[in-house]
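Structure assessment
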Amino acid sequence: MEHDIYRTFSDYLKERYGEKVYKLPVALPVSCPNRDGSCGNGGAGCTFCGSIGAGYENLPADMTITAQIAANKAHIIPKYKAKKFIPYFQNFSNTYVPLEKLRAWVQEAGAGEDIVAIYIATRPDCVSDKYLAMLREEADKLGMDICVELGLQSVNYHSLQKINRGHTLGEFIDAILRIKAYGLQSCAHLILNLPWDTMTDVVEDAKVLSALGVDQVKLHALYIVKGTEMARQYEAGELTLISREEYEARVINFLEHLSPDIVLQRIIGRAPETNTLFSNWHTGWWKIRDNITATMAAKGQYQGRLCKYLNGPAVRKFLSV
């Protein structure tokens, strides 16, 4: 029996919406509770997070959502003949605003007939029933999907403390269960090479996401962004980073333990080298991706091959008699 190596985001979008769909990054004038002192260590933020967050390719946040979507379309449509789009509220914690402001942003982003979904990046401690009820209401009115993307980074709560994440695994579990209760989609972000994590943590990452029924996952390799606390630690020799080969092995092990139902938005990210001291072992992200898939194909490895730990594996022997 042949298996897909892993369930790609592009294939999922084609299946769900009938053709290729393009994500459009949208920057909003938002912050983060880990930056304003509401949680974490005195507003210092996560040790890996730079001043612009994750929005290296974003347009200015003072542009309207409509203007940002139009500008991104103007670039993408002629190049790719694109017809369907997903606005992605990308930077910082996009639900960390008054509820009605978020509602207005969702309504503005979903106004176009070529918009099929809205993706919203935030933190686990910024997910509330009232906000989710609003998102469910707006999704129904707009007739489209809404996916809430949560930065988890690791299930190892000791590592979360070391990066001053400001939340633990418990908040993530709570947020996912609430998102699922409202029928919204979910995505988890993970960094598989945090300096304190091991292969055991990577396998547990896959197990926790699978057990919770997360819909999608986005994998990152750790960037060392200039001007951050982690950059200081890196330059001081306080951090040890794993090799590219070890990262690739971690991704493969993660994928093999991950439920085959979960969609992979990506298995490695990218960041401009001008903003970083370390990014993807100074190798093109696509080379790392291609090597992972080639290795898995050559060895007969695939997503979900080792996902045998759910639904009471110890009692299966009594059910097969």
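Preceding this section is the structure that the text describes.
Residues numbered from 1 in each chain as written. Predicted model: local features only at pLDDT ≥ 70, side-chain atom pairs only at ≥ 80, totals over all residues. Heavy atoms only, no water.

With respect to the overall build of the protein chain
When helices and strands are counted, the protein chain shows eleven helices and nine strands. Dimensions of the protein chain along its principal axes, counting C-alpha atoms only, are 55 × 55 × 40 Å. Among the 321 residues that make up the protein chain, the fraction classed as buried is 51%. Sequence separation of at least 24 residues holds for 82% of the intrachain contacts in the protein chain that already meet a minimum separation of 6. With the model as given, the accessible surface of the protein chain reaches about 14800 Å², and the carbon-plus-sulfur share is 51%. Distance between charge centroids for the protein chain: 3 Å, based on 36 positive and 36 negative side chains. (Helix = DSSP H or I, 4+ residues; strand = E, 2+ residues; numbered from the N terminus. Buried < 20%, exposed > 50% of the residue type's maximum accessible area, 1.4 Å probe, protein only. Contact = heavy atoms within 4.5 Å. Areas by Shrake-Rupley, 256 points an atom, 1.4 Å probe, with all protein chains shown as cover. Lys, Arg positive; Asp, Glu negative; His and termini not counted. Charge placed at Lys NZ, Arg CZ, Asp CG, Glu CD.)

Focus on the environment of Arg16
Positionally, Arg16 belongs in helix H1 (residues 9-17). Assessed through its relative accessible area of 45%, Arg16 is described here as partly exposed. Residues Arg16 and Thr295 lie 279 residues apart in sequence; the distance between their C-alpha atoms is 29 Å. At 2.6 Å, the side chain of Arg16 and the side chain of Asp145 are in polar contact. (Polar contact = N/O pair within 3.5 Å; in protein donor to acceptor, adjacent residues only side chain to side chain.)

Considering the packing of helix H2 (residues 65-80) against helix H3 (residues 99-109)
Packing of H2 against H3 brings their axes to within 9 Å, and their N-to-C directions diverge by 35°. Here H2 runs over H3; the crossing is right-handed. Here Ile65, Thr66 and Ile69 of H2 come into contact with H3, specifically with Trp105, Glu108 and Ala109. When the residues that make up the contact of H2 with H3 are grouped by side-chain class, the tally is four nonpolar, one polar and one charged. (Axes fitted to C-alpha atoms, helices over the stretch in contact; angles between N-to-C directions. Left-handed = near helix turned anticlockwise from the far one by under 90°. Nonpolar A, V, L, I, M, F, W, Y, C, P; charged D, E, K, R; others polar.)

A closer look at the side chain of Ser93
Here Ser93 lies in the loop between strand S2 (84-89) and H3. Residue class for Ser93 comes out buried when judged on its relative accessible area of 1%. Beyond its immediate sequence surroundings of up to four residues, Ser93 is in contact with Val30, Ser31, Cys32, Pro33, Ala121, Thr122, Arg123 and Cys126.

Describing the side chain of Asn193
You can see Asn193 is positioned in the loop between strand S5 (185-191) and helix H7 (199-212). Relative accessible area serves as the criterion here: at 1%, Asn193 is assigned to the buried category. Residues within four places of Asn193 in sequence aside, it is in contact with His220, Ala221, Leu222, Ile242, Tyr247, Arg250 and Trp281.

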